[in-house]
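Single-letter residue listing:
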Amino acid sequence: MQEFRTGDTPLPDVVILTHKLTREYDMGSETVRALRGVSIQIRKNEYVAVMGPSGSGKSTLMNLVGCLDTPTSGEYWLNAQKVSDLVDDELARIRNKEIGFVFQTFNLLPRADALHNVELPLIYAGLGSKERRARAADALQRVGLGDRMDHRPNELSGGQRQRVAIARALVNNPSILLADEPTGNLDSTTGLEIMALFRELHDSGQTVVMVTHEQDIAAQAARVITLRDGLVATDQLQAA
Amino acid sequence: MPLFEAVRLAFQTLRAQKLKSGFSLLGVFVGVTFLIAAWSIVNGMNVYMTEQFAGRLIGVNTFHLRRRPNFTPNISDSTWRAWARRPRITFGDADAVTAAITAPVITAWESSDRVTIEGAGKKILDVEVTGATERYFDIRNLDIANGRAFTAQEVRSGVPVIVLGEEIGLKLFPSRDPIGRQVRIGGQPYRVIGVVAHQGKIFGFSLDRFAVAPARSPVQDLVNPPGIIDALVVKAQSVEAMRAAMVEAEGVMRSRHHLRPRQDNNFVLETSEGVLEFWGGIKRILFFVGPGLVGVALVVGGIVIMNIMLMAVAERTREIGLRKSLGARRRDILRQFLAESTTIAVVGASIGIVTGIGLSFLLDAATPLPAAVSGMSIVLGVIIGGGVGIVAGVYPASRAARLDPITALRQE
């Protein structure tokens, strides 16, 4: 991949580009350097797993890539837009339009049914209720839950909940699907089903970035980036 | 997030957390209920005072010549003593004033006291007995329901006849026609010649508990010393005629009392405006105290709402984090929580308005207090309710809006 230098703009098919990205936390007397200069590029329709032991900085990287946090220094380009110097409300818009989050703990609203949960990002996108409903129903259909739209999270199995969460992540047609240990709270069979869904989504053109510490989950990805002590340790393509 | 979306969400949360929302409604509910009810009572009394009370006690286009004011808010002892030293109004004063007034007016003498009245073997204590002249009934708008009023001739010669209020007539002669029967006041016999039509109540006091006898009859000895009256009542046909008559009456009285130009009057000419002024004083106090009490209730209500909202923010930190990660901006979160607190307050206020109106009708029907719901108080209730919700919601909502999504999502 072509070397990126400060002042360059990313190539058109690069979705995620970080350049010497650092993130430091002020913990009273000492400064924790969670990321010490991470430079990665992820192209459109890649399937990337980010691995690393706890404390390696993978959560920090995910938060930065997900625009939930801003870097201390360095650049972050998402879809040829430099987002590392955007302010709060602009970041919210990026999260809404460009990023689909899938969390380990699903994070569904317990009182709302599946359809309403999937609708949420569209509410913040400012869509009218008819279009919201139609698109949320489509997304649920896509993850195989067309018949569970009016069920609340507590009426769904773990795997179904994660499917609702994935539908919610997809509903705004994001540039990247960002999953943080998506199978961490599921049994192995259900986990495999969810992984199959991710593969399916990837096959249909979706860019997927997944944080995991499980080797066999990472093995599903086409590329594995390993972090250690806030730096990229390895970055390998692997045979599918 | 559009506003109606936020309100819809607020109603959802309200429904989901009925008990908690109920408690937070309570403060605003109590405040607004009180506001509506108290306002209705003051308003009702106001309507009553201006339309009926003043007119009935004094009369339209009517003034009273008296030694001292009859309707007096908080009078100091020294003023009271000064008034007690004033010369009283005499028969001679009344005649001179009546003769001096050039405008077409009707006049009547009036002297009253509370005495015991007996008849048909029964006894009624504490009845307002008035010695009056014949036009008294016209001036006071007392229609005779049965029999007749006394005549000028009867007044001049002091015939012991009497006209009863409805209540007295019914109590003394429940099953018989009182006309022609005898009652005794202070040992003296009087022949009943008439009964006045039903007058109703004011603040729970019967307006039918009275009797009227000719001024020069033996009743004079009960109500005043010889030759003295409480008041000369003068009724004109218009406000202008009344004013003119008052000027003439004042002149006559000043000269009869030998007052020098710089000296103050040692008598009063009281009009219904005077009574209304007295009422105005009371009303000002009520309108000052009322909002204070309402304010206290609403502040308490606001604090309760604020606390509940702070709890809600703490409980729903994760939800806030999630919403932010899905693209909610600060103002979206702010709006959501403001809508929630405002909805709580407005719902509370609405229930308060309905309850307040109900309470007003109940008070009107069940107690002597007249109550009339004021449209203004309803408008104010809604505005205040919404205002309390917004004010109480600002701090919790801004706390929610400022939450860091990463920390918020991580919270259990």
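Quick caveat, the model's predicted, so the values are computed rather than measured. (Residues numbered from 1 in each chain as written. Chains lettered and ligands numbered in written order. Predicted model: local features only at pLDDT ≥ 70, side-chain atom pairs only at ≥ 80, totals over all residues.)

### Concerning the overall build of chain A
Within chain A, the regular secondary structure consists of seven helices and ten strands. For chain A, with 240 residues in total, the buried portion stands at 49%. Of the contacts made within chain A by residues no fewer than 6 positions apart, 68% connect residues no fewer than 24 positions apart. (Helix = DSSP H or I, 4+ residues; strand = E, 2+ residues; numbered from the N terminus. Buried ≥ 20, exposed ≤ 12 C-beta atoms within 10 Å, placed from the backbone. Contact = placed C-beta atoms within 7 Å.)

### Some details on the overall build of chain B
Regarding its fold elements, chain B presents 14 helices and 14 strands. Looking at chain B as a whole, 43% of its 412 residues qualify as buried. Intrachain contacts of chain B at a sequence separation of at least 6 include 83% that bridge at least 24 residues.

### A few points about the packing of helix H10 (residues 272-315) of chain B against helix H12 (residues 330-366) of chain B
In a pair of packed helices, the angle between the axes and the distance between the axes together describe the arrangement. All names here are of chain B. One way to put it is that H10 packs onto H12 with a least axis distance of 11 Å and a crossing angle of 140 degrees. Taken as a pair, H10 and H12 cross one another with a handedness that is right-handed. Here Ile305, Met309 and Val313 of H10 lie close against H12, whose contacting residues are Phe337, Glu340, Ser341, Ile344 and Ala345. (Axes fitted to C-alpha atoms, helices over the stretch in contact; angles between N-to-C directions. Left-handed = near helix turned anticlockwise from the far one by under 90°.)

### Remarks on the interface of chain B and chain A
Many descriptions give the size of an interface as the accessible area lost when the pieces come together. Counting residues at the interface gives 16 residues for chain B, matched by 18 residues for chain A. If you list the elements that add at least two residues to the side of chain B that touches chain A, you get helix H1 (3-16), helix H11 (317-325), H12 and helix H14 (405-410) of chain B. The leading source of residues in the side of chain B that touches chain A is H11(B), at four residues. For the side of chain B that touches chain A, the per-class residue count stands at eight nonpolar, two polar and six charged. (Nonpolar A, V, L, I, M, F, W, Y, C, P; charged D, E, K, R; others polar.)

### So, the packing of helix H5 (residues 158-170) of chain A against helix H6 (residues 188-203) of chain A
Residue and element names in this part refer to chain A. It is the contact of H5 with H6, at a shortest axis distance of 9 Å, that shows an interaxial angle of 20 degrees. By the angle class used here, H5 and H6 are roughly parallel. Where H5 crosses over H6, the handedness of that crossing is right-handed. Residues Gly158, Gly159, Gln162, Arg163 and Ile166 of H5 lie in contact with H6, whose contacting residues are Thr190, Glu193, Ile194 and Leu197. A class-by-class count of the residues in the contact of H5 with H6 yields three nonpolar, four polar and two charged. (Parallel < 35°, antiparallel > 145°, perpendicular 65-115°, else oblique.)

### Observations concerning unusual backbone geometry
Residues other than glycine seldom take positive phi values, yet Phe106(A) does so here, at roughly 65 degrees. Relative to the helices and strands, Phe106(A) resides in the loop between strand S6 (99-102) and helix H3 (114-125). The backbone of Ala120(B) sits at a positive phi, close to 50 degrees, despite the residue not being glycine. Classification of Ala120(B) by C-beta neighbours within 10 Å gives partly exposed; the count is 13.

### Thoughts on the sheet that holds strand S4 (residues 73-78) of chain A
Ordered by their spatial adjacency, four strands build an open sheet running S2-S1-S4-S5 (chain A), and the pairing between neighbours is antiparallel. The sheet is open, and its two edges are formed by strand S2 (30-43) and strand S5 (81-82) of chain A, each paired on a single side. (Pairing = 2+ DSSP bridges.)

### Things to note about the environment of Gln238(A)
All names here are of chain A. Among the structural elements, Gln238 can be located in the segment after strand S10 (231-237). Separated by 16 residues in sequence, Gln238 and Ala222 have C-alpha atoms that sit 5.4 Å apart. Setting aside residues no more than four positions away along its own chain, Gln238 makes contact with Ala222 and Val224.

### Details of the sheet that holds strand S7 (residues 176-180) of chain A
Residue and element names in this part refer to chain A. Spatially, S6-S7-S8-S3-S9-S10 is the arrangement adopted by the six strands of the open sheet, whose pairing is mixed. Of all strands in the sheet, those with a lone pairing partner are S6 and S10, marking the two edges. Averaged over all neighbouring strand pairs, the angle between strand axes comes to 20 degrees, with direction disregarded. Of the pairings in the sheet, the one linking strand S3 (residues 47-51) to strand S9 (residues 223-228) comprises four bridges and is parallel in character. Counted as the bridge partner of Val48 is Arg223 from S9.

### Overview of helix H9 (residues 239-256) of chain B
Residues and elements named next belong to chain B. Over its 18 residues, H9 extends 25 Å from the first C-alpha to the last, a length consistent with the 26 Å expected when each residue adds 1.5 Å. Those residues of H9 not exposed but buried are Met242, Ala245, Ala249 and Met253. All buried residues of H9 fall inside an arc of 70 degrees around its axis, so they share one side. When the buried face of H9 is taken as reference, the exposed residues oriented beyond 90 degrees from it are Glu240, Val247, Gly251 and Ser255. Considering only its buried residues, H9 is in contact with strand S1 (62-66), helix H4 (91-100), strand S13 (231-235) and strand S14 (268-271). Once H9 finishes, His258 follows within two positions and takes phi at roughly 55 degrees, a positive value. (Expected span 1.5 Å × (residues − 1). Arc of directions from axis to C-beta.)

### Re the nonpolar core
The nonpolar side chains of a soluble globular protein tend to be buried, and buried together. In terms of nonpolar packing, the biggest core is built from 128 residues, with Val50(A), Val118(A), Leu140(A), Ala167(A), Leu178(A) and Val209(A) touching the most fellow members. The dominant element in this core, judged by the number of residues it contributes, is helix H2 (residues 18-57) of chain B, at 14 residues. In this view, Val209(A) contacts Ile42(A), Val48(A), Val50(A), Val65(A), Ile176(A) and Leu178(A); residues no more than four positions away in its chain are not counted. Membership of the second largest hydrophobic core comes to 51 residues, among which are Ile168(B), Ile193(B), Ala215(B) and Leu232(B). (Core = buried A, V, L, I, M, F, W, Y, C linked by C-beta atoms within 7 Å.)

### Description of the environment of Ala108(B)
All names here are of chain B. Residue position: Ala108 is located in strand S3 (residues 106-119). Given 25 C-beta atoms within 10 Å, Ala108 falls into the buried group. Along the primary structure Ala108 and Tyr136 are separated by 28 residues, whereas in three dimensions their C-alpha atoms are 5.2 Å apart. Ala108 has contacts with Ala132, Thr133, Arg135, Tyr136, Ile139 and Val233, leaving out every residue within four places of it along the chain.

This is a description of form; function is not addressed.
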